Structures are given as structure tokens and as C-alpha cells.
Amino acid sequence: MLSTLVWAPIAGALLIVLVGAALDTQQLRRISLGIAIATFGWAIFLITKFDISLSSIQLSESLAWLDPIGLTYRLGVDGLSFPLVLMNGLLLIIAIYISNDIQRPRLYFPLLLVLGGGVNGAFLAQNLLLFFLFFEVELVPLYLLIAIWGGEKRGYAATKFLIYTAISGVLILAAFFGMAFFGSSDTAFTFNYQDLNLEGVSTTTKGILLILLLLGFGIKIPIVPLHTWLPDAHVEASTPVSTLLAGVLLKLGTYGLLRFGLGLLPEAWQAIAPFLAGWAVVSVIYGCLTAITQTDMKKMVAYSSVGHMGYILLALAAASPLSLVGATFQMVSHGLISALLFILVGIVYKKTGTRDINSLNGLLNPERGLPITGSLMILAAMASAGTPGMIGFIAEFVIFRSSFAVFPIQTLLCMIGTGLTAVYFLIMIDRVFFGRLAVEKIANQPPISNFPFAKWQEKSPAIVLALIIVFFGLIPNFATKMIESSADAIAPNHTKPSHIALVE
């Protein structure tokens with residue numbers, strides 16, 4: 001059942017490559033969209049087969065593959081991975097939907113589908129080596145999507161992304177081999193997550209393995225100072241690719257730390273937890289302060305991701321059942337909000353020809369501006385800043401409430417990030433959307449004071465995301481119930497049930 005989520009998009013991509021020569025861009029887009037919708041529909045159907053009261057891996061599939069090296073095709077899902085699979089399916093649909101006027105569509109749409117299938121495979125893999133294979137599968141399509149359909153400096157951005165991600169993969173693979181070597185039984189060498197036993201491994205060895213994972217997944221998250229590939233990749237990537245990159249692909253890093261770092265090395269994790277909490281503070285403050293200095297709207301949103309991913313690291317460091325609920329919920333929250341922000345920035349750029357904050361003004365003008373886009377941008381900024389009634393508030397409140405008991409000083413410092421988030425988004429909104437309508441200071445272009453309205457087809461994905469952001473801000477239990485049991489099981493401290501603060 002779970003294999004459909006992985007292989008249906010990949011099989012669809014292969015089909016498009018084989019028979020797509022006779023089809024035009026819109027036909028290929030519709031076929032790709034149909035495949036993505038069918039895959040997402042199947043994921044929705046699987047919710048009916050998923051028992052939220054169980055903490056164990058469910059809907060498991062296992063097939064012997066390369067037993068001598070410990071590689072087994074083993075898939076499964078729990079409350080920590082299912083929300084991310086659902087979000088990946090939704091954002092893949094949106095990324096394909098907003099992909100219009102694409103050159104070389106016979107290559108472009110298959111790459112998006114392979115990317116979606118590979119990410120699902122990584123979230124569902126219950127074998128470390130299988131996870132690594134899916135983790136690396138997404139590298140190739142994302143590199144090509146940036147290098148071929150990116151901006152002016154796309155080659156530099158794509159190469160930088162490739163180098164950083166390759167280093168990340170080497171570190172993660174080294175850690176996985178170490179875990180399999182020390183955690184396998186005497187009779188069978190394995191990478192199966194459930195079969196590894198690292199309890200008898202020395203503290204030093206566990207520490208080394210965890211450091212490798214932290215560096216490897218830290219590049220993917222990314223955490224300061226391992227983040228420098230991210231702004232370049234976002235600025236040069238097209239809007240659909242940025243939507244997937246920020247919305248889903250960064251979560252492979254935080255999910256990897258949660259699943260393999262905390263899940264398999266809890267003692268080592270608790271030993272370095274204070275360091276991780278401090279590292280989270282650095283990422284949050286640096287990301288927010290750097291975002292304030294940006295004049296490119298897209299780069300500002302990119303640096304905001306650095307800060308908001310720091311909240312997840314803080315929650316993972318606290319490692320209580322409630323904080324892990326907050327960490328997983330923040331992955332979903334950031335994925336939806338960042339996707340919305342990048343879509344809106346893309347609309348502004350398409351209609352005005354610039355993302356320069358200092359060149360734009362008055363886009364909320366109801367007659368000649370982009371009023372609905374501006375209104376949605378205000379909503380997205382409020383959600384990112386943790387305004388009550390939206391998903392961002394729920395995620396951050398749960399993280400801060402649960403982390404304060406473990407790391408009070410670090411939590412208070414991270415809370416400064418919510419205020420700084422409001423600062424840089426208010427700067428952007430004030431300069432870009434309020435005031436007298438105009439676009440100035442664009443080289444070789446006269447000032448512009450009248451823009452074509454964004455069509456409903458262009459705005460509809462943003463409206464859908466905005467509705468979801470408000471829905472989960474008002475009714476968070478719909479999602480948190482799915483996470484709680486698995487968070488309780490993986491947390492080193494099982495004494496406090498995570499549902500108390502959310503339900504009662």
C-alpha cells in the first residue's frame with residue numbers, strides 16, 4: 001500500500017518520458033497533475049487505515065533485497081512521518097499546478113514527480129540504507145531543476161547545492177554504516193531500523209555517530225553555519241522548485257535527526273542537548289537578523305527559513321513528548337507557510353518584474369495593484385510571526401511551552417525570533433504593499449504604476465494554503481492527534497503525556 005506513494009510518481013515520470021514527445025506543455029502538465037493528485041488521494045485514503053492511538057510503525061511492507069549488505073526494502077509509517085508525507089503530496093500538486101510556460105516540459109515534469117516519489121520514500125523507509133538511497137534520489141532532480149530552469153546564476157547555485165548535499169550524504173552514510181556495524185546482531189548484519197540495538201555501544205562511539213548525523217542532517221536543514229547554500233538555491237530556483245525546497249526538502253534534515261539521531265542514540269542525544277539548544281538560538285537569531293538586512297523578497301523569505309528551522313532544533317533538544325509534537329507540527333507549519341510565501345513572492349515578481357523591496361511600493365492598491373496577493377502576504381507574514389489563530393502560533397507555542405521547562409534561557413532567546421520575524425516582514429509589507437503605487441529604480445525601465453491583475457488560477461494555490469494555515473491554527477488537534485503517540489514513544493522521557501496541553 002505504501003509503495004504506491006513512492007512508485008506511482010516515479011512510474012508516471014517514466015511514462016511521460018516515454019510517450020510525452022507527442023504532447024504539448026499543457027497536456028504534460030495535466031497528466032503530471034493527475035498523477036500527483038491520485039498519489040495524494042491514495043495518501044488520504046490510507047488515513048482510514050491508520051490508527052492514531054498506536055505508536056508503532058503501521059502499514060508495513062518488507063521485501064528481501066540485498067541481505068548480505070543488510071539492505072531490505074522495508075516501508076512503514078507512524079505519526080511522525082505521515083503528516084510529512086501528506087504535506088509532500090499537497091505541495092507536489094501545487095508545484096505542478098503553478099508550473100506554466102515551462103521549457104522542456106518532457107524533462108521538467110518527470111523530475112518533479114521523481115522528486116516527490118523520492119521524498120515519500122525517505123519518509124517511509126524503515127531501513128537506514130534504503131532511507132539513504134531515497135535521500136540521494138532527490139539530489140539529482142533538484143540539481144537539474146535549479147541548473148536548467150533557474151535564474152541567471154543557476155549554475156553556481158546548483159553546483160553549490162550539489163557539493164553541500166554530497167558532503168551531507170557522505171557524513172550520513174558513514175554514520176549509518178557505523179550504526180549497522182555496532183548495532184547489528186552477531187548472526188545478521190542489518191540496516192533495519194527496528195532491528196538495530198546500540199545500547200551496548202560505548203558513549204564515545206555513540207557521540208561520534210551522533211556528531212556525523214548532526215553535521216550531515218544539519219547541512220540539509222540547514223543550521224548556521226552550514227546554511228550558505230540555501231539562499232543561493234532559493235534565489236535562483238523557480239517558484240515551484242522553491243516551494244518544494246522550503247516546504248518539504250528541508251524537512252528531510254529535521255526528520256532525519258528526529259528519527260535516527262534521537263530515535264537510535266537517545267543517551268548521546270541527551271548528553272549534547274544543551275549544545276543543541278544553544279545552536280538553535282544561534283540559528284534563530286542569525287536567520288532573523290540577516291533577513292532584516294535583505295532587500296530581495298525571496299532572499300528574505302529564505303533566511304526566515306533558517307531562523308524557523310532553529311525552533312525545530314530547540315524542540316528536538318528538549319526531547320520531551322510535547323516538544324516532539326511541537327517539532328513535528330512546526331515542520332508542517334513551516335512547510336505550509338514558506339510555500340505560501342514563495343508562491344506570493346513569485347506572483348509579485350511575475351507581475352512587476354522585480355523582487356527588490358526598495359523598488360516596490362503600494363501593491364495593495366485595489367484598482368491598479370495586487371490587492372489579493374498583498375492581503376495573502378499579510379496573512380502569511382502574520383502566520384510566520386506566530387499570530388494566534390494560525391498554524392504558526394500553535395507550533396511555536398507548543399515548542400516554547402515544552403522547551404522552557406528544560407532550557408529556559410535558550411527558549412527565551414529563541415522567543416526573540418518571533419518578534420524579529422514580525423520586524424522583517426513588517427518592513428517588507430510596509431515598503432512593498434503600502435504607500436503610493438509605483439515601481440522605480442529598475443535599470444533601463446521607466447517607472448511602472450499599473451500592473452496586470454493576478455488571475456484566479458495563479459492565486460488559487462495560495463488561497464488554498466492560506467485556508468489550511470487558518471484551519472490548523474483554529475483546529476490543531478486534527479493534526480496533533482496523529483503525532484502524539486509516536487512522539488511519546490520516541491521521547492527519552494515518557495513521564496509526561498503530550499496531549500494534556502493540547503486537549504485539556
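Conventions used here
- Residues numbered from 1 in each chain as written.
- Predicted model: local features only at pLDDT ≥ 70, side-chain atom pairs only at ≥ 80, totals over all residues.
- Heavy atoms only, no water.
- Helix = DSSP H or I, 4+ residues; strand = E, 2+ residues; numbered from the N terminus.
- Rg over C-alpha atoms; globule rule 2.2 N^0.38 Å.
- Buried < 20%, exposed > 50% of the residue type's maximum accessible area, 1.4 Å probe, protein only.
- Contact = heavy atoms within 4.5 Å.
- Areas by Shrake-Rupley, 256 points an atom, 1.4 Å probe, with all protein chains shown as cover.
- Lys, Arg positive; Asp, Glu negative; His and termini not counted.
- Charge placed at Lys NZ, Arg CZ, Asp CG, Glu CD.
- Polar contact = N/O pair within 3.5 Å; in protein donor to acceptor, adjacent residues only side chain to side chain.
- Disulfide = S-S within 2.5 Å.
- Salt bridge = Lys/Arg side-chain N within 4 Å of Asp/Glu carboxyl O.
- Expected span 1.5 Å × (residues − 1).
- Axes fitted to C-alpha atoms, helices over the stretch in contact; angles between N-to-C directions.
- Parallel < 35°, antiparallel > 145°, perpendicular 65-115°, else oblique.
- Left-handed = near helix turned anticlockwise from the far one by under 90°.
- pLDDT = per-residue confidence, 0-100.
- Core = buried A, V, L, I, M, F, W, Y, C linked by side-chain atoms within 4.5 Å.

**Let's talk about the overall build of the protein chain**
In terms of regular secondary structure, the protein chain is built from 20 helices and four strands. On C-alpha atoms alone, the protein chain measures out to a radius of gyration of 22 Å, which is about the 23 Å that the 2.2 N^0.38 rule sets for 504 residues. Along the longest, intermediate and shortest principal axes, the C-alpha atoms of the protein chain span 75 × 60 × 40 Å. When each of the 504 residues of the protein chain is scored for burial, the buried share is 60%. Relative to all contacts within the protein chain whose residues are 6 or more apart in sequence, the contacts with residues 24 or more apart total 79%. Counting every atom, the protein chain has about 18700 Å² of accessible surface; 66% of that belongs to carbon and sulfur. If the 27 positive side-chain charges of the protein chain are averaged to one point and the 25 negative ones to another, these points end up 9 Å apart.

**Comments concerning the side chain of Thr352**
Structurally, Thr352 is set in helix H14 (residues 321-352). For Thr352, a relative accessible area of 4% translates into the label buried. A polar side-chain atom of Thr352 sits 2.7 Å from the main-chain carbonyl oxygen of Val348.

**So, the state of the cysteines**
In a disulfide, the sulfur atoms of two cysteines are held together by a covalent bond. Taken as a whole and assessed by the stated rule, the structure comprises zero disulfides. Left without a disulfide partner, Cys288 is nearest to the cysteine sulfur of Cys414, which lies 9.3 Å away.

**Here we look at the pattern of salt bridges**
Taken as a whole and assessed by the stated rule, the structure comprises eight salt bridges. Residues Lys220 and Glu138 are paired through a salt bridge, measuring 2.6 Å at the closest nitrogen-oxygen approach. Of the two residues, Lys220 is situated in helix H8 (residues 203-220) and Glu138 in the loop between helix H5 (128-137) and helix H6 (139-149); the sequence distance between them amounts to 82 residues. Judged by its relative accessible area of 0%, Glu138 is buried. The salt bridge partner of Asp296 is Arg355, with a shortest N-O separation of 3.0 Å. Placement of Asp296 in the loop between helix H12 (266-292) and helix H13 (297-318) and of Arg355 in the loop between H14 and strand S3 (360-361) is noted, with a sequence separation of 59 residues between them. Under the relative-accessibility criterion, Arg355 is labelled buried at 15%.

**Overview of helix H18 (residues 456-474)**
With 19 residues, H18 ought to run about 27 Å at 1.5 Å a step, and its terminal C-alpha atoms sit 26 Å apart, in line with that. Of all the residues in H18, the buried ones are Glu458, Lys459, Pro461, Ala462, Leu465, Ala466, Ile469, Phe472 and Gly473. Structurally, H18 contributes buried residues whose contacts are with helix H3 (82-97), H14, helix H15 (371-384), helix H16 (391-404) and helix H19 (477-490).

**A short note on the packing of helix H2 (residues 25-47) against H3**
Axis separation between H2 and H3 bottoms out at 9 Å; the angle between their running directions is 160 degrees. Judged by the angle between their axes, H2 and H3 are roughly antiparallel. For the pair H2 and H3, the sense of crossing is left-handed. Residues Arg29, Ser32, Leu33, Ala36, Ile37, Phe40, Ala43, Ile44, Leu46 and Ile47 of H2 pack against Phe82, Leu86, Gly89, Leu90, Leu92, Ile93, Ile96 and Tyr97 of H3.

**Looking at the confidence of the model for the protein chain**
The pLDDT averaged across the protein chain works out to 90; a share of 95% of its residues lies at or above 70. When the elements of the protein chain are averaged for pLDDT, helix H20 (residues 500-503) gives the smallest value, 40, and H3 the largest, 96.

**Points about unusual backbone geometry**
Ile221 connects to Pro222 through a cis peptide bond whose omega is -5 degrees. Take Pro222: it is sitting in the loop between H8 and helix H9 (229-236). Looking along the chain, the bond that leaves Val224 and enters Pro225 is cis, with omega of 5 degrees. Topologically, Pro225 is positioned in the loop between H8 and H9. The backbone of Leu59 shows a phi angle near 55 degrees, a positive value even though the residue is not glycine. Tracing the backbone through its elements, the reader meets Leu59 in strand S1 (residues 58-66). A positive phi angle is found at Ala319, which is not glycine, with a value near 55 degrees. Residue placement: Ala319 occurs in the loop between H13 and H14.

**Considering the nonpolar core**
One finds Phe176 and Met179 to be the most contacted residues of the largest nonpolar core, which totals 180 residues. Leave out the neighbours within four places in its chain, and Phe176 touches Leu128, Phe131, Phe132, Phe191, Leu213, Phe217 and Phe260.

**Quick notes on the environment of Met179**
Here Met179 lies in helix H7 (residues 154-183). In this structure the C-alpha to C-alpha distance between Met179 and Ser304, which are 125 residues apart in sequence, comes to 34 Å. Residues contacting Met179, with those up to four places away along its chain left out, are Leu128, Ser184, Leu196, Leu198, Leu209, Leu213, Phe260, Leu264 and Leu265.

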